[in-house]
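Examination of the molecular architecture
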Amino acid sequence: MGSEDGSYRSSKNSKKPKYSRFTQQELPACKPILTPGLVIGILISLAIIFIPIGLLSFSASQNVVEVVDRYDEECVPATSSKLGFIQDAQTNKTCIRTLIVPKKMKHPIFVYYQLDNFYQNHRRYVKSRSDHQLWSPKNEYMTKLCEPEAVDSNNEPIVPCGLVAWSLFNDTYTFSRNDNSLTVNKKNIAWTSDRTKKFGANVYPKNFQSHGLIGGAKLNETIPLSEQEDLIVWMRTAALPSFRKLYGKIETDLEANDKITVVIENNYNTYAFDGRKKLVMSTVTWIGGKNDFLGRMYLTVGGASLFFALAFSLLYILKPRPLGDPTYLSWNRKPTL
Ligand SMILES: *[C@@H]1O[C@H](CO)[C@@H](O)[C@H](O)[C@H]1NC(C)=O
């Protein structure tokens, strides 16, 4: 037996594969048997983990106080054409909105602008920027990706070039509370990594919004890009057509029924493509802003696990059967007539 064994393995002409534990499928493997007890145990532990997490995140989300005000409709006169109004440089775009704080809002209160139906994720838009140029003054001329917002009419490079920068949001908000002015802190609204590693501290805007169609806000040419935080926030492009971007932070608590007056300069043209503009004030908790989805998801999965654990337990108690009983196999069962 032994010699026979050895001879076929060592024979050079044999087509049989060499012996190895892999080719012979003898590697150790874990083959758990899913007994009813094990399955029920797993489902119950899932339920025990998921349901409390779900309840916690759901209640955290419920505690967030959010005030949302859509203003793009009311901030243009009903009589004239919206497009004509917004494109006319002479019209008065100031618009006053009054918001009532529904519940006490603890600071920091985040102020966002929300745009809907704005596709900042369009391929040609996303690519229309020059990160080299944003980072170093030596790369001023690296504007190839930025067409048609690469150079001005004198062939001088635009800094920052490209459509993303060009379309910078230019509505502004001034807040007051019960007729006293309310400060909105606009410092540190952008990511630290963007401020320190993407937007240069010695790159200054140049030839920006200076030729052709004006796309949005202008930039102060004496402030380096690393401190132009509205631009930095804007240039971190949103993945979805409805998005919020941070405008600033209110660093005092607001009481219930406080009257917040917002003076809006309604400049940005979203009317040409049916975009909507909203002003949002929101508090935060440990899960961030208002987000019921996470809690709902945890509760759904936990609830389903609990349901199946109970259903399987009932079946197991009411109709038990031995594990691996071959009489249940179809070919062992008597055909039913
Ligand atoms: C604001 O942006 C719009 C384009 O959306 C532009 O037409 C307008 O001139 C800009 N206004 C100011 C004050 O920057």
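Cut-off values and rules
Residues numbered from 1 in each chain as written. Predicted model: local features only at pLDDT ≥ 70, side-chain atom pairs only at ≥ 80, totals over all residues. Heavy atoms only, no water. Axes fitted to C-alpha atoms, helices over the stretch in contact; angles between N-to-C directions. Helix = DSSP H or I, 4+ residues; strand = E, 2+ residues; numbered from the N terminus. Parallel < 35°, antiparallel > 145°, perpendicular 65-115°, else oblique. Left-handed = near helix turned anticlockwise from the far one by under 90°. Nonpolar A, V, L, I, M, F, W, Y, C, P; charged D, E, K, R; others polar. Core = buried A, V, L, I, M, F, W, Y, C linked by side-chain atoms within 4.5 Å. Buried < 20%, exposed > 50% of the residue type's maximum accessible area, 1.4 Å probe, protein only. Contact = heavy atoms within 4.5 Å. Domains from an automatic or database assignment. Disulfide = S-S within 2.5 Å.

1. Looking at the packing of helix α2 (residues 36-63) against helix α9 (residues 292-318)
Where α2 contacts α9, the axes come no closer than 7 Å and their chain directions differ by 155°. Overall, the two elements α2 and α9 adopt an arrangement that is roughly antiparallel. Helix-helix and strand crossings are classified by hand; for α2 and α9 the assignment is left-handed. By residue class, the composition of the contact of α2 with α9 is 21 nonpolar, nine polar and two charged.

2. As for the nonpolar core
In terms of nonpolar packing, the biggest core is built from 56 residues, with Tyr173, Phe175, Trp234, Ile260 and Met281 touching the most fellow members. Elements with a minimum of two residues in this core: β2 (94-100), β3 (109-116), α6 (163-166), β4 (172-177), α8 (229-235), β7 (243-250), β8 (259-265) and β9 (276-282). If you tally residues by element for this core, the top one is β3, at six residues. In this view, Trp234 contacts Tyr113, Leu115, Phe118, Gln120, Tyr125, Val164, Ser167, Leu168, Phe169, Phe243, Lys245 and Tyr268; residues no more than four positions away in its chain are not counted.

3. Structural notes on the domain arrangement of the protein
Accessible area lost upon the coming together of the parts is a frequently used measure of interface size. Domain annotation for the protein reports domain 1 (34-49 + 293-319) and domain 2 (71-105 + 118-242 + 253-275). Relative to domain 2, the C-alpha centre of domain 1 lies at a distance of 50 Å.

4. Here's the deal with the state of the cysteines
The final tally for this structure, using the stated rule, is two disulfides. A disulfide bridge connects Cys75 with Cys95, and the sulfur atoms are separated by 2.0 Å. When the S-S torsion is -70°, as for the bridge of Cys75 with Cys95, the disulfide is left-handed. You can see Cys75 sitting in the loop between β1 (66-70) and α3 (82-87) and its partner Cys95 sitting in strand β2, a full 20 residues away along the chain. The pair Cys75 / Cys95 is uniform in exposure class, with both members buried. Residue pairing for Cys146: its cysteine sulfur links by disulfide to Cys161, the two sulfurs lying 2.0 Å apart. Note that Cys146 is positioned in the loop between α5 (131-135) and α6 and Cys161 in the loop between α5 and α6, a separation of 15 residues in sequence. Judged by its relative accessible area of 0%, Cys146 is buried.

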